[in-house]
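The residues making up each chain are set out below.
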2 protein chains.
Amino acid sequence: MPSFSTMDRIALQQEAEAQRARLDAIAARKLSLNMARGKPCKAQLDLADAMLALIGPDGTKASDGSDARNYGLLEGIPEARALFADLMGVPAAQVIVGGNSSLNLMYDAVARAMLTAVPGAARPWSKEPVVRFLCPSPGYDRHFAICRELGIEMLPVAMRADGPDMDEVERLCAADDSIKGIWCVPVYSNPDGITYSADVCRRLASMEAAPDFRILWDNAYFLHHLYDDRKDAVPEMLGLCAAAGHSDRVYEFCSTSKVTYAGAGVAALAASPANVDHIRRNLGIQTIGHDKVNQLRHVAFLKDRAGVEAHMRKHAAILRPKFETVLRILDAELGGKGIAEWNAPRGGYFVSLFVEDGLAKEVVALAKSVGVELTPAGAAYPYGKDPRDRNIRIAPSFPPVAELEAAIEALCVCVRLLSARRRLA
Amino acid sequence: MPSFSTMDRIALQQEAEAQRARLDAIAARKLSLNMARGKPCKAQLDLADAMLALIGPDGTKASDGSDARNYGLLEGIPEARALFADLMGVPAAQVIVGGNSSLNLMYDAVARAMLTAVPGAARPWSKEPVVRFLCPSPGYDRHFAICRELGIEMLPVAMRADGPDMDEVERLCAADDSIKGIWCVPVYSNPDGITYSADVCRRLASMEAAPDFRILWDNAYFLHHLYDDRKDAVPEMLGLCAAAGHSDRVYEFCSTSKVTYAGAGVAALAASPANVDHIRRNLGIQTIGHDKVNQLRHVAFLKDRAGVEAHMRKHAAILRPKFETVLRILDAELGGKGIAEWNAPRGGYFVSLFVEDGLAKEVVALAKSVGVELTPAGAAYPYGKDPRDRNIRIAPSFPPVAELEAAIEALCVCVRLLSARRRLA
């Protein structure tokens with residue numbers, strides 16, 4: 001199939017008619033398929049079910065002898081801190097283990113900075129006339145929702161193949177002290193599946209920025225490889241920032257939401273000693289401590305880094321065919337036509353599809369009209385506004401492969417139909 | 001033993017010498033006893049251990065068919081909302097089930113009001129020139145710590161036998177719109193063990209106050225009776241506030257921290273429909289939802305109100321002898337001497353001891369010197385400052401009865417020694 005740009009009007013009309021006919025056939029199937037959220041599927045959740053019964057009445061003591069059922073150990077049980085420290089490559093003393101949601105740790109980190117002065121800050125951010133965050137885009141809609149909720153102005157920054165456009169990031173941060181943060185998903189980014197280069201990480205750590213500037217390093221997918229022989233990785237960021245003389249610059253987050261249970265996992269953060277002190281003091285006022293029995297359960301099940309990696313290979317075995325299905329159909333339906341681009345991520349939870357400028361909303365709406373629910377177009381951009389209206393996030397994890405095939409085919413038919421029609425208009 | 005006020009100098013000298021000798025003997029025992037925190041003891045935690053194994057791979061579906069292991073159900077699983085609704089006497093639609101800590105729900109409620117405008121507010125409280133909270137005192141130190149952390153000015157209000165001094169509360173709230181809240185532990189209050197009268201509840205619901213005024217109704221001990229035939233209760237507060245035309249005035253909180261596990265229970269809040277909408281919107285930005293598997297586990301174990309009440313009778317059987325030990329020794333050692341007063345609570349976690357003005361700090365320090373750790377004197381007052389320096393909080397739940405006897409005896413000896421000495425000085 002040739003590129004649309006070389007097709008004459010008749011060929012485009014034939015294409016439009018052919019896709020219209022396919023879409024009618026799809027509509028007749030009355031599909032109800034959902035690819036809107038990066039949810040693990042049932043088979044992935046089942047992988048962790050042995051965890052449920054692992055902690056019984058005889059096993060509720062933490063490694064320091066304290067009773068995990070009672071109050072205490074605000075920072076988490078020592079063995080959970082050690083496990084996350086090992087996974088994140090940081091000292092256990094710099095790890096705080098939280099509840100079940102790393103998003104909650106992130107929201108709380110930003111809300112805390114709004115309400116109390118973080119190390120390096122002259123005052124709580126809520127007392128500043130304006131607070132701005134850099135938002136590499138497309139990015140994770142829930143990061144941007146936190147900024148919107150808390151009245152933080154968002155400045156979009158373009159994503160490149162190796163991470164955010166660092167020339168732009170450096171220029172903005174050097175010029176504007178009201179820029180207090182940047183959202184980063186450094187490995188298998190949401191939604192592009194891009195992994196930051198070591199050079200991007202180093203520039204983030206060493207660039208000029210406000211003394212209370214924070215990198216919100218959401219390492220949501222750093223264990224979530226699809227291929228055992230092609231694993232992306234980034235340098236350990238706490239160390240990079242410390243080496244650059246900006247120890248307090250980064251908060252690192254991760255969780256087991258996509259390792260064990262999406263709704264009942266364990267989240268953790270890592271930060272510099274000064275940041276950990278600040279967080280711990282505030283956390284000790286916010287809560288009596290997180291669920292330590294669930295922390296025990298997780299350590300008993302996952303054991304150590306090798307245990308986690310072995311478990312993640314089981315996830316990969318389920319997810320790999322789904323990603324490959326998406327990419328195979330995108331390639332077959334859209335390859336070489338010059339009407340769409342996409343990444344082929346080696347891990348994470350998403351495939352990011354870029355259609356022609358101004359078409360994304362229309363594609364998502366048309367797909368919805370035939371029973372295929374996608375993430376709303378624009379969701380991956382600050383304020384929900386994709387300036388070129390071209391990005392569509394595909395989340396292949398939840399549907400079974402057969403449903404996924406139907407959904408991606410429908411999506412591609414919508415892209416082809418609308419791309420042909422716009423040339424005929 | 002007569003009242004100290006009727007004793008002559010010689011009798012007082014004899015008393016001081018006798019107590020000095022007893023204290024030396026106590027010191028020689030090198031005790032290490034802790035009554036500082038309202039922690040459940042091991043036997044209480046053991047009561048819930050059957051819960052650990054209740055949820056297996058076949059039981060992870062919530063009653064609406066959704067998978068409790070996955071994302072979703074921000075407000076909690078329907079059966080957990082129904083259980084808390086039944087316990088709190090409110091509609092399930094007005095209940096949000098949280099994580100393991102009601103303190104966390106309270107901190108978040110206040111932080112949310114600081115950062116986003118609650119129903120009735122002109123703006124987020126952090127944009128107000130000053131925000132004040134009423135703090136019935138003695139009260140719960142962690143409530144006051146939240147105010148301190150978030151820069152909320154605390155106005156102490158006296159506690160009476162039927163709750164806060166309502167004349168003072170009404171006078172202050174009518175005169176000052178910057179008063180945005182009041183902390184209440186309405187049943188078996190911390191630390192006095194006082195239960196609010198129905199009249200106090202009605203006055204709180206109906207009084208004049210700022211449109212964004214909130215009652216933080218921490219119903220921590222409403223199920224925590226010591227005696228089956230003498231149960232304190234308060235009217236349902238959401239209903240009272242609605243009937244008074246102030247639907248949005250109250251946030252109610254409770255948890256299973258002292259029902260199942262202190263460190264791994266489930267907390268919940270109830271509020272008006274407008275408040276629930278506001279909380280839900282913000283919560284949906286803060287988190288993907290709380291641990292629903294632990295919610296399932298709790299419903300499977302506790303079942304319903306009758307199940308909870310049966311379980312609480314087992315707690316009472318453990319706690320009753322401890323409270324009775326404290327009260328018996330206080331009575332034997334300090335009764336009729338006119339040097340101390342205390343309440344005899346019918347539930348909750350504390351006994352509040354009032355010594356003579358200016359003696360509390362000294363008593364706590366002297367007890368510590370012989371190995372008995374109490375809550376720091378003043379902790380139950382805003383800014384840690386007991387204006388009369390006379391309140392000492394006793395937390396009998398954690399130590400075994402034998403240790404409790406030794407600790408309370410030591411405490412009483414300290415009170416008698418210091419009360420005699422001050423008359424001799």
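Residues numbered from 1 in each chain as written. Chains lettered and ligands numbered in written order. Predicted model: local features only at pLDDT ≥ 70, side-chain atom pairs only at ≥ 80, totals over all residues.

### Some thoughts on the overall build of chain A
Note the cut-off: Secondary structure counts use DSSP, requiring at least four H or I residues in a row for a helix and at least two E residues in a row for a strand, with both numbered from the N terminus. We take the radius of gyration over the C-alpha atoms and set the globule estimate at 2.2 Å times the residue count to the 0.38 power. To sort residues by exposure, count the other C-beta atoms lying within 10 Å of each residue's C-beta; 20 or more gives buried, 12 or fewer gives exposed, and values between give partly exposed, all with C-beta atoms placed from the backbone. Residue pairs qualify as contacts under a 7 Å threshold applied to their C-beta atoms, which are placed from the backbone.
On a plain count of helices and strands, chain A comes out with 13 helices and 13 strands. The C-alpha atoms of chain A give 23 Å as radius of gyration, which agrees with the globular expectation for 425 residues (22 Å, within 12%). Taking the principal axes of its C-alpha atoms as reference, chain A extends roughly 75 × 55 × 35 Å. Counting only residues that meet the buried cut, chain A has 56% of its 425 residues in that class. For chain A, the share of sequence-separated contacts (at least 6 apart) that also reach a separation of at least 24 residues comes to 76%.

### With respect to the nonpolar core
To keep it simple, the criterion reads: What we call a nonpolar core is a set of buried Ala, Val, Leu, Ile, Met, Phe, Trp, Tyr and Cys residues whose membership is set by joining through C-beta atoms within 7 Å.
One finds Ala268, Val363 and Val415 of chain A together with Ala268, Val363 and Val415 of chain B to be the most contacted residues of the largest nonpolar core, which totals 278 residues. Aside from chain neighbours lying at most four places away, what touches Val415 of chain B is Leu334, Ile339, Ala340, Val355 and Val363 of chain B.

### Focus: the domain arrangement of chain A
Residues and elements named next belong to chain A. The condition is simple: An automatic or database domain assignment supplies the start and end points of every domain. In the scheme used here, Gly and all other residues not listed as nonpolar or charged are polar, with Ala, Val, Leu, Ile, Met, Phe, Trp, Tyr, Cys and Pro taken as nonpolar and Asp, Glu, Lys and Arg as charged.
Taken domain by domain, chain A comprises domain 1 (4–44 + 309–424) and domain 2 (61–303). On a C-alpha basis, the centres of domain 1 and domain 2 stand 31 Å from each other. Taken together, the contacts link 25 residues of domain 1 with 28 residues of domain 2. Breaking the side of domain 1 that touches domain 2 down by element, the ones donating at least two residues are helix 11 (305–334), strand 11 (351–355) and strand 13 (391–394). Counting residues per element, the side of domain 1 that touches domain 2 draws most heavily on helix 11, at 7 residues. Its residues assigned to classes, the side of domain 1 that touches domain 2 shows 14 nonpolar, 6 polar and 5 charged.

### Overview of the interface of chain A and chain B
With 47 residues of chain A at the interface, the matching set in chain B holds 46 residues. Counting only elements with at least two residues in the side of chain A that touches chain B, the list comes to helix 2 (42–46), helix 4 (102–115), helix 5 (141–149), helix 9 (273–286) and helix 10 (292–302) of chain A. Considering each element in turn, the side of chain A that touches chain B owes the most residues, 6 residues, to helix 4 of chain A.

### Regarding the confidence of the model for chain A
Cut-off, in case you're wondering: Residue-level confidence of the predictor is what pLDDT reports, using numbers from 0 through 100.
Of all residues in chain A, 100% have pLDDT values of 70 or greater, and the mean over the chain is 97. Interface scoring of the predicted complex returns ipTM 0.96; its pTM is 0.97.

### What to know about the packing of helix 3 (residues 78–88) of chain B against helix 10 (residues 292–302) of chain B
Residue and element names in this part refer to chain B. Put simply, the rule is: Axes, fitted as lines to C-alpha atoms, cover a helix only where it is in contact. Angles between the N-to-C directions of the axes lie from 0 to 180 degrees. Any angle from 65 to 115 degrees is called roughly perpendicular, while one under 35 is roughly parallel, one over 145 is roughly antiparallel, and all others are oblique. Throughout, a crossing is termed right-handed when the near helix is turned clockwise from the far one, and left-handed when it is turned anticlockwise from it by less than a right angle.
At their nearest, the axes of helix 3 and helix 10 sit 9 Å apart, and the two run at 55 degrees to each other. When the interaxial angle is binned, helix 3 and helix 10 end up oblique. As for the relative orientation of helix 3 and helix 10, their crossing is left-handed in sense. Contact residues: helix 3 offers Glu79, Ala80 and Leu83, while helix 10 offers Gln295, His298, Val299 and Leu302.

### What to know about the environment of Ile339 of chain A
All names here are of chain A. Relative to the helices and strands, Ile339 resides in the loop between helix 11 and strand 10 (340–342). Expressed as a C-alpha distance, the spacing of Ile339 and Val326, which sit 13 residues apart in the sequence, is 17 Å. If sequence neighbours within four positions are ignored, Ile339 has contacts with Phe4, Leu334, Val355, Glu356, Val415 and Ser419.

### Some details on the sheet that holds strand 13 of chain A
Two orientations exist for strands paired in a sheet by backbone hydrogen bonds: parallel and antiparallel. Residues and elements named next belong to chain A. For clarity, the cut-off: For two strands to pair, DSSP has to find at least two bridges joining them.
Across the sheet, which stays open at both edges, the 3 strands sit in the order 10-11-13 with antiparallel pairing between neighbours. Every interior strand has two partners, whereas the edge strands, strand 10 and strand 13, have only one. Each strand of the sheet is rotated relative to its neighbour by a mean of 25 degrees, with strand direction disregarded. Examined bridge by bridge, strand 11 and strand 13 share 4 bridges and lie antiparallel to one another. Residue Phe354 lies in a different strand from strand 13, and its bridge partner there is Asn391. Along the sheet, helix 11 contacts strand 10, strand 11 and strand 13; its crossing angle with strand 11, the most-contacted strand, is approximately 15 degrees.

### Quick word on the relation of the copies chain A and chain B
Filter applied, for reference: Alignment of copies: least-squares fit on C-alpha atoms of residues with pLDDT of at least 70 in both copies.
The transform that puts chain A on chain B rotates by 180 degrees and translates by 0.0 Å along the axis, for an RMSD of 0.0 Å. Look at the turn and shift together and you get a two-fold axis relating the two. Taking C-alpha positions as reference, the residue of chain A nearest the rotation axis is Ala53 of chain A, located at 2.7 Å. An overlap of 98% is found between the interface residues of chain A and their copies at the interface of chain B, pointing to a shared contact surface.

### A word on the packing of helix 12 (residues 360–369) of chain B against helix 13 (residues 401–424) of chain B
Residue and element names in this part refer to chain B. Interaxial distance between helix 12 and helix 13 falls to 9 Å at its minimum, and their mutual angle equals 130 degrees. In terms of orientation, helix 12 and helix 13 fall into the oblique class. Of the two possible hands of crossing, helix 12 and helix 13 adopt the one that is right-handed. Contacts between helix 12 and helix 13 involve Glu362, Val363, Leu366 and Ala367 on the former and, on the latter, Ala410, Leu411, Cys414, Val415 and Leu418. Within the contact of helix 12 with helix 13, the residues separate by chemical class into 8 nonpolar, no polar and 1 charged.

### Quick word on the sheet that holds strand 13 (residues 391–394) of chain B
Residues and elements named next belong to chain B. The sheet built from 3 strands is open, its strands ordered 10-11-13 with antiparallel pairing. At either margin of the open sheet sits one strand with a lone partner, and together these are strand 10 (340–342) and strand 13. Mean inter-strand twist for the sheet, computed between neighbouring axes without regard to direction, equals 25 degrees. Bridge count for strand 10 against strand 11 (residues 351–355) is 3 bridges, and the pairing is antiparallel. When the bridges of strand 11 are listed, Trp342 appears paired with Leu353. Contacting strand 11 and strand 13, helix 12 crosses the sheet at an angle of about 40 degrees to strand 13.

### Topic: the pairing of strand 6 (residues 179–184) of chain A
Residues and elements named next belong to chain A. Spelled out, the test is: When the strands point away from the viewer and the path from the first strand over the helix to the second turns clockwise, the crossover is right-handed.
Burial within strand 6 is extensive, with 6 of its 6 residues counted as buried. Both strand 3 (residues 132–137) and strand 6 contribute to a ladder of 3 bridges, which runs parallel. Pairing of Phe133 across the sheet is with Gly181, part of strand 6. The sheet contact formed by strand 6 and strand 7 (residues 214–218) spans 4 bridges and is parallel. Paired with Gly181 across the two strands is Arg214, which belongs to strand 7. Taking the sense of rotation as the criterion, the β-α-β connection linking strand 6, helix 7 (residues 198–206) and strand 7 turns out right-handed.

### A few points about helix 4 of chain A
An α-helical turn contains 3.6 residues, so any two residues separated by three or four positions project in the same direction. We apply this condition: Expected helix span is computed as 1.5 Å times (number of residues minus one).
Compared with an ideal rise of 1.5 Å per residue, which puts 14 residues at 20 Å, helix 4 of chain A spans 20 Å between its outermost C-alpha atoms and is within 8% of the ideal. Across the 14 residues that make up helix 4 of chain A, a large majority, 14, are buried.

### Regarding the pairing of strand 9 (residues 267–270) of chain B
Residue and element names in this part refer to chain B. The alternating pattern of strand 9 places Ala267 and Leu269 and Ala268 and Ala270 on opposite faces, both of which are buried. For strand 2 (residues 95–97) and strand 9, the ladder comprises 3 bridges, and the chain directions are antiparallel. Residue pairing for strand 9: Val97 is matched across the bridge by Ala268. Where strand 8 (residues 250–255) and strand 9 come together, 4 bridges link them in antiparallel fashion. Within the sheet, the bridge partner assigned to Cys254 lies in strand 9 and is Ala268.

### A word on unusual backbone geometry
Cis peptide bonds are those with omega within 30 degrees of zero, and the linkage from Asn190 of chain A to Pro191 of chain A qualifies with 5 degrees. On the secondary structure map, Pro191 of chain A appears in the loop between strand 6 and helix 7. Of note in the backbone geometry, Lys30 of chain A takes a positive phi value of approximately 50 degrees without being a glycine. In this model, Leu73 of chain B sits at a positive phi of 55 degrees, which is unusual for a non-glycine residue. Tracing the backbone through its elements, the reader meets Leu73 of chain B in the loop between helix 2 (42–46) and helix 3.

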